[in-house]
Amino acid sequence: MAPPMSASAFLRVLKAEGLTVVEVGDWRDHNRNHKGPWGPVHGVMIHHTVTKGSARTVEICRKGYAGLPGPLCHGVITKDGRVHLVGYGRANHAGLGDDEVLRAVIAEKRLPKDNEQNTDGNRHFYGFECENLGDGEDPWPAAQLEAIERAAAAVCRHHGWNERSVIGHKEWQPGKVDPRGFTMSSMRNRIRDRLK
Ligand SMILES: [Zn+2]
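Residues numbered from 1 in each chain as written. Predicted model: local features only at pLDDT ≥ 70, side-chain atom pairs only at ≥ 80, totals over all residues. Heavy atoms only, no water.

## Thoughts on the pairing of strand β9 (residues 125-130)
Taking burial as the measure, the six residues of β9 include six buried ones, the bulk of the element. Here β9 shows two buried faces, one formed by Phe125, Gly127 and Glu129 and the other by Tyr126, Phe128 and Cys130. Sheet topology places strand β2 (residues 43-48) next to β9; six bridges connect them, and they run parallel. Paired with His48 across the two strands is Cys130, which belongs to β9. (Buried < 20%, exposed > 50% of the residue type's maximum accessible area, 1.4 Å probe, protein only. Helix = DSSP H or I, 4+ residues; strand = E, 2+ residues; numbered from the N terminus. Pairing = 2+ DSSP bridges.)

This is the structure:
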């Protein structure tokens, strides 16, 4: 159980982890806080965007689309490994997920299968959207995977969490398939090693 870090701290820890960070528009104050709570925070969620083109991807994640207003995450990780900050606070990325998964994340235990949609994830997770078509064929460049590792580790390091506080959207909400193209267990191993 932890209150969310400030926007300034978020920017600072990402840079301290060696990331190239791009601040987009009024990201510090762009959020969905008027729609519901933000915090306490318990973990980090990784997504793929199903989009092509970095500029367009960042714009969609900042603005959202009809039926799902932005921001759609906090940071967008493009294929070049840069992290674009598009929002801070409650964001439309996690949706409703499984309360047993949330309990496992809080306890940093092995994840159960997600089979319920009964818990507000936008309240409890930092979110990173990663530029990828999500078709299992679109490549994940090494720079992008390293940025995912660093961004998640930065948040974990700040809060004193371990790699089990990092989950994929598909581990949270039944029916979701993201991220696709690498395994979350391999990414958690990388985060664990980085946090040593
Ligand atoms: Zn997702």
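## Comments concerning the packing of aromatic side chains
The geometry of an aromatic ring pair is captured by the separation of the ring centres together with the interplanar angle, meaning the angle of the planes. Evaluation of the coordinates by the stated rule reveals nine aromatic pairs. Ring centres of Trp38 and Tyr88 lie 6.0 Å apart, and the angle between their planes is 85°; on these two criteria the pair is classed as edge-to-face. Within this pair, whereas Trp38 is found in the loop between β1 (21-23) and β2, its partner Tyr88 is found in the loop between β6 (83-85) and β7 (96-97), the two being separated by 50 residues in sequence. Tyr88 shares its class with Trp38; the two are buried. By way of ring pairs, the aromatic residues Phe10, Trp27, Trp38, Tyr88, Tyr126, Phe128 and Trp161 are connected into one cluster. (Phe/Tyr/Trp six-rings, centres within 6.5 Å; stacked < 30°, edge-to-face > 60°.)

## A look at the coordination of the zinc ion
For a metal with four tetrahedral donors the ideal donor-metal-donor angle is 109.5 degrees, whereas six octahedral donors ideally subtend 90 or 180 degrees. Bound to the zinc ion on the protein side are His47 (ND1), His169 (ND1) and Asp178 (OD), at distances that span 2.0 to 2.1 Å. When the donor residues of the zinc ion are listed from N- to C-terminus, their spacing reads H-x121-H-x8-D. With His47 in strand β2 and His169 in the loop between β10 (166-168) and α5 (184-195), this pair connects stretches of sequence that are 122 residues apart. Residues His47 and His169 agree in their burial class; the two are buried. (Donors = N, O, S within 2.8 Å, 3.2 Å for Na, K, Ca; no water.)

## Describing the sheet that holds β2
With respect to topology, six strands assemble into an open sheet ordered β1-β6-β5-β9-β2-β10, the strand pairing being mixed. Two strands close off the open sheet at either side, each with one partner strand: β1 and β10. Strand after strand, the sheet turns through a mean of 25° between neighbouring axes, direction not considered. Pairing analysis gives three bridges linking strand β5 (residues 75-77) to β6, with the strands arranged antiparallel. Residue Val76 lies in a different strand from β6, and its bridge partner there is His84. (Axes fitted to C-alpha atoms, helices over the stretch in contact; angles between N-to-C directions.)

## Side note on unusual backbone geometry
Here the residue pair Gly39 and Pro40 is connected by a cis peptide bond, since its omega of 0° sits within 30 degrees of zero. Counting through the fold element by element, Pro40 comes out in the loop between β1 and β2. Cis geometry is found at the peptide bond from Gly70 to Pro71, where omega equals 0°. Assignment of secondary structure puts Pro71 in the loop between β4 (68-69) and β5. Non-glycine residue Val50 carries a positive phi angle of around 60°.

## Comments concerning the side chain of Glu171
Structurally, the position occupied by Glu171 is in the loop between β10 and α5. Among the polar contacts made by the side chain of Glu171, one reaches the main-chain amide nitrogen of Gly168 at a distance of 2.7 Å. Excluding its chain neighbours within four sequence positions, the residues that come into contact with Glu171 are Val101, Leu111, Asp114, Met184 and Arg188. (Polar contact = N/O pair within 3.5 Å; in protein donor to acceptor, adjacent residues only side chain to side chain. Contact = heavy atoms within 4.5 Å.)

## Some details on the pairing of β2
By the criterion of burial, β2 is predominantly enclosed, with six of the six residues buried. Where burial is concerned, the two faces of β2 agree: the one with Gly43, Met45 and His47 and the one with Val44, Ile46 and His48 are both buried. Note: β2 against β10, three bridges, orientation parallel. Within β10, the position partnered with Val44 by the bridge is Val166.

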